[in-house]
Amino acid sequence: SSGINAEYGYTHFLSLVKDLLDGNIDPGAYEDKLREMFGVNSFVAFTLDKLITHIVRQSHTLVTDAGCNQLKNLYTTYRSGGGAGGSLATQPSRSSQEQNYLKDAEQTIVDENLYKIYFSIEALATVYWKVDPSW
């Protein structure tokens with residue numbers, strides 16, 4: 001909107017994001033520079049830095065948290081034996097393995113919510129189901 005070259009704008013934008021993530025520019029200055037570059041359309045870029053920050057934080061937790069590592073190991077163990085999901089058509093044959101997996105997961109993280117995640121490639125859908133511990 002300010003008439004800047006698109007290629008320059010993109011390169012400069014990436015440089016600003018990198019500087020923000022590296023701590024070389026504060027968030028207020030980052031937003032000001034984006035507002036100069038993109039005007040009212042800069043809102044999406046404002047939220048991009050927050051999204052990246054949250055992704056990095058969550059990724060760090062997944063890698064460093066003991067409970068996350070225990071759940072990853074549990075998943076790997078049950079996945080190799082067929083108890084951590086699969087095709088809906090084969091679900092009845094692995095029902096007992098999935099129940100054991102659920103019980104082990106509940107014992108691994110006692111004070112946290114557990115969710116089952118269903119993916120349907122055909123329907124292009126994902127369903128999250130909160131597991132009731134009394135179930």
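Before reading further, recall that the structure is shown in the block above.
In this text, all values refer to a predicted model and were calculated from it rather than measured experimentally. (Residues numbered from 1 in each chain as written. Predicted model: local features only at pLDDT ≥ 70, side-chain atom pairs only at ≥ 80, totals over all residues. Heavy atoms only, no water.)

Undergrad: I'd like to hear about the pairing of strand β1 (residues 114-120), residue by residue, with values.
TA: Here β1 runs beside strand β2 (residues 125-131); their pairing, made up of seven bridges, is antiparallel. Paired with serine 120 across the bridge in β2 is alanine 125. As consecutive antiparallel partners, β1 and β2 are separated by four residues, and within that stretch leucine 124 has a phi angle of approximately 50°, a positive value. (Pairing = 2+ DSSP bridges. Helix = DSSP H or I, 4+ residues; strand = E, 2+ residues; numbered from the N terminus.)

Undergrad: Please set out the packing of aromatic side chains residue by residue, giving values where relevant.
TA: All chains considered together, the criterion is met by two aromatic pairs. With a centroid separation of 6.2 Å and an interplanar angle of 80°, the aromatic rings of phenylalanine 13 and phenylalanine 38 are classed as edge-to-face. Placement of phenylalanine 13 in helix α1 (residues 6-22) and of phenylalanine 38 in helix α2 (residues 27-38) is noted, with a sequence separation of 25 residues between them. Residue phenylalanine 38 is classed as partly exposed on the basis of its relative accessible area of 25%. (Phe/Tyr/Trp six-rings, centres within 6.5 Å; stacked < 30°, edge-to-face > 60°. Buried < 20%, exposed > 50% of the residue type's maximum accessible area, 1.4 Å probe, protein only.)

Undergrad: Now, about the environment of leucine 88: what can you tell me, with residues and values included?
TA: Counting through the fold element by element, leucine 88 comes out in the loop between α4 (66-80) and α5 (95-108). Leucine 88 sits 78 residues away from tyrosine 10 along the chain, and the two C-alpha atoms are 44 Å apart.

Undergrad: Tell me what's going on with the pattern of salt bridges, and back it up with residues and numbers.
TA: Evaluation of the coordinates by the stated rule reveals five salt bridges. Close ionic contact of glutamate 31 with arginine 35 constitutes a salt bridge, the shortest N to O distance being 3.8 Å. Note that glutamate 31 and arginine 35 are positioned in helix α2 at a spacing of four residues, about one turn of the helix. Classification of glutamate 31 by relative accessible area gives partly exposed; the value is 22%. A salt bridge links glutamate 31 to lysine 50; the shortest N-O distance between them is 3.5 Å. (Salt bridge = Lys/Arg side-chain N within 4 Å of Asp/Glu carboxyl O.)

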